[in-house]
Amino acid sequence: MSTDSSRRAFLRQSLYVAGAAGLGIHAGVGPAYAQAMAANADAAADLQIVNIGANTLSIGPSRPALEAIARTAPLSGDYGRGQSREFLETLSAQLEVPADHIAVYPGSGTPLGLAVTTFTSPQRSLVTADPTYEQAWRTAPRVGAKVVRTPQRRDYSHDVEAMCAADPKAGLLYICNPNNPTGAITSRADIEYAANHRPPGSVLVVDEAYIHFSDNAVSALDLAVEADDVIVLRTFSKLYGMAGLRLGYAVASPANLERMNAHGGGSVAMTTLAAGTASLLDPGLVPARRAATTRMRNETVAWLQAQGYPCSTSEANCFLVDIGRPGREFQDAMATHGVMVGRSWPGHETRPRISVGTEAEMQRFREAFTAVAAGQRGPLPVPQRPRMALREAAADPARMPFAC
Ligand SMILES: Cc1ncc(COP(=O)(O)O)c(C=O)c1O
């Protein structure tokens, strides 16, 4: 069977099953419904799935990164041939950060988890903004730490005064700059305020997963070198298009890195390290991807706002759009058109997150959005994914499913 015809057959089968499941099938009604669904199979098979739900870049790694992987892969019978040292040296020179202040991990989610596990406890809480990337919310309860969420300011920047005052017993303050899911930036003055006014004994973690997309966010890397208890996290999963290759790093004092790494860490494949080095050495990569993403984001936001859907002011590859109805319904309806958009955060249910993709992907987004706004479903079944109710997730962050 050709790939196309097997895909059609698969879709026909899955649409049949989806139709049957949707109706709790019984004689007479179910088969007719399922046949009607299957009639859509050809239309469904022609739809390319667009994933603008995970803040990743579908264009993937840069060409030099792919070439580095191809060159390195045949050497993989060894544990490594200097790729780790080369990556660290390149990074250290480019960031102007001493190598002993850098620790490399398979993604930045790893050091984020380690930081929360190390610096929070039943006596020392986690303080974050709301909404923000939820990984720390999920991790803190596992070590018995309280999660304190402070609402963001109206411009979606972090309310650093409220964060510093939220709990004198805080163990870790988490600032995501630019923030996921809003894309909003927090000023350098505010980051410095947080670094200087955080409760005694706490650390400040600045998550810069999206900083490469931003024209105005100022990095806290220098603070992580100068101040003992500031930790900066970065990843290759976003602008560098390497989410599946797993590469990230933490910049912190050697003492804090040692404390974090006592809880684990994990090694990175030599192919991934080689791709990381090649990406760092490609001078045009960050500016070109930043410019393309900014253009697509601004165009999409302008299109949505012109139709009366307010959006967050973003400097990342994601933003929130207020659609005035439950985000989950919208997410499901968009998925029937083959366009996977992001989730909504507890307390912000009508504002799903949209990731910014290529021109073709955002064109598909606009078409699907227009159809969904007119109440039209597409030919695909709603994906079956286990989901917690948002209310439940808010009450029990430790059980939140993994999400980007
Ligand atoms: C703000 C933020 N930090 C960290 C991560 C973790 O990314 P990774 O582990 O792929 O580097 C993500 C993933 O979406 C994120 O949005």
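This text follows the structure it describes.
Student: An account of the overall build of the chain is requested, with residue identities and associated values reported.
Tutor: A count of helices and strands for the chain gives 16 helices and 11 strands. A fraction of 72% describes how many contacts in the chain between residues 6 or more apart in sequence connect residues 24 or more apart.

Student: I'd like a rundown of helix H6 (residues 109–119), residues and numbers included.
Tutor: Across the 11 residues of H6, 10 count as buried, placing the element largely inside the fold. Among the residues of H6, those classed as buried are Gly109, Thr110, Pro111, Leu112, Gly113, Leu114, Ala115, Val116, Thr118 and Phe119.

Student: Hey, could you go over the packing of helix H4 (residues 63–72) against helix H12 (residues 270–280) for me, with residue numbers and the actual values?
Tutor: At a minimum axis separation of 8 Å, H4 and H12 run at an interaxial angle of 145 degrees. Judged by the twist between their axes, the crossing of H4 over H12 is right-handed. Along its contact with H4, which presents Pro64, Ala65, Glu67, Ala68, Ile69 and Thr72, the element H12 presents Met270, Thr271, Ala274, Ala275, Thr277, Ala278 and Ser279.

Student: Residues and numbers for the environment of leucine 233, please.
Tutor: Inspection of the secondary structure assignment puts leucine 233 in strand E7 (residues 230–235). Here the alpha-carbon distance between leucine 233 and leucine 112, two residues 121 residues apart in the chain, equals 7.4 Å. Contacts of leucine 233, omitting those with residues within four sequence positions, involve Ser108, Pro111, Leu112, Val205, Asp207, Glu208, Ala209, Gly248 and Ala250.

Student: Could you give an account of the site of the ligand, with specific residues and numbers?
Tutor: Neighbouring the ligand are 15 residues; Gly107, Gly109, Thr235, Ser237 and Cys404 lie closest to it. The residue makeup of the shell around the ligand, split by class, is 6 nonpolar, 8 polar and 1 charged.

Student: Give a description of unusual backbone geometry that names residues and reports values.
Tutor: In this model, asparagine 177 is joined to proline 178 through a cis peptide bond whose omega is -5 degrees. Here the amide bond leading from asparagine 180 into proline 181 is cis, since omega sits at 20 degrees, within 30 degrees of zero. Looking at the secondary structure, you find proline 181 in the loop between strand E5 (170–176) and helix H9 (188–197). Positive phi, normally seen in glycine, also occurs at asparagine 55, with a value near 55 degrees. Judged by the 25 C-beta atoms lying within 10 Å of it, asparagine 55 falls in the buried class. In this structure, tyrosine 156 takes a positive phi of about 70 degrees despite not being glycine.

Student: Residues and numbers for the nonpolar core, please.
Tutor: Nonpolar side chains in soluble globular proteins tend to be buried together. In terms of nonpolar packing, the biggest core is built from 98 residues, with Ala115, Leu172 and Ile231 touching the most fellow members. Setting aside residues up to four positions removed in sequence, alanine 115 forms contacts with Leu172, Val203, Val205, Ile231 and Met260.

Student: Before we move on, can you summarise the sheet that holds strand E8 (residues 248–251) with the specific residues and values?
Tutor: Strands sit in the order E2-E8-E7-E6-E5-E3-E4 across an open sheet of 7 strands; the sheet is mixed. Two strands in the sheet have a free side with no partner beyond their single neighbour: strand E2 (102–105) and strand E4 (147–151). Each neighbouring strand pair of the sheet contributes to a mean axis angle of 20 degrees, computed without reference to strand direction. Pairing analysis gives 5 bridges linking strand E3 (residues 125–130) to E4, with the strands arranged parallel. Each bridged residue has a counterpart across the sheet, and for leucine 126 the counterpart in E4 is valine 147.

Student: Describe the environment of leucine 95, with residues and values.
Tutor: With respect to the secondary-structure elements, leucine 95 resides in helix H5 (residues 83–95). Note: C-alpha distance between leucine 95 and valine 251 (156 residues apart in sequence) is 10.0 Å.

Student: Describe the environment of serine 253, naming the residues involved and giving the relevant values.
Tutor: Structurally, the position occupied by serine 253 is in the loop between E8 and helix H11 (254–261). The spatial distance from the C-alpha of serine 253 to the C-alpha of alanine 224 is 7.0 Å, given a sequence separation of 29 residues. Each residue touching serine 253, except ones within four places of it in the same chain, is listed here: His101 and Asp228.

Student: Which residues make up the pairing of E2, and what are the values?
Tutor: Side chains of E2 alternate between two faces, with Ile102 and Val104 and Ala103 and Tyr105 buried alike. Bridge count for E2 against E8 is 4 bridges, and the pairing is antiparallel. By the bridge assignment, valine 104 is partnered in E8 with tyrosine 249.

Student: Talk me through the pairing of strand E6 (residues 203–207); I want residue IDs and the actual numbers.
Tutor: The side chains of a regular strand alternate between both faces of the sheet. Within E6, 5 of the 5 residues are buried, leaving the element largely enclosed by the surrounding structure. Burial along E6 is two-sided: the face carrying Val203, Val205 and Asp207 and the face carrying Leu204 and Val206 are both buried. Note: E5 against E6, 5 bridges, orientation parallel. Paired with cysteine 176 across the two strands is aspartate 207, which belongs to E6. Pairing of E6 with E7, which is carried by 4 bridges, proceeds in the parallel orientation. For valine 206, the partnering residue across the bridge sits in E7 and is valine 232. Handedness of the β-α-β unit built from E6, helix H10 (residues 221–226) and E7 comes out right-handed.

Parameters at a glance
- Residues numbered from 1 in each chain as written.
- Predicted model: local features only at pLDDT ≥ 70, side-chain atom pairs only at ≥ 80, totals over all residues.
- Helix = DSSP H or I, 4+ residues; strand = E, 2+ residues; numbered from the N terminus.
- Contact = placed C-beta atoms within 7 Å.
- Buried ≥ 20, exposed ≤ 12 C-beta atoms within 10 Å, placed from the backbone.
- Axes fitted to C-alpha atoms, helices over the stretch in contact; angles between N-to-C directions.
- Left-handed = near helix turned anticlockwise from the far one by under 90°.
- Near = placed C-beta within 6 Å.
- Nonpolar A, V, L, I, M, F, W, Y, C, P; charged D, E, K, R; others polar.
- Core = buried A, V, L, I, M, F, W, Y, C linked by C-beta atoms within 7 Å.
- Pairing = 2+ DSSP bridges.
- Right-handed = clockwise from strand over helix to strand, strands pointing away.

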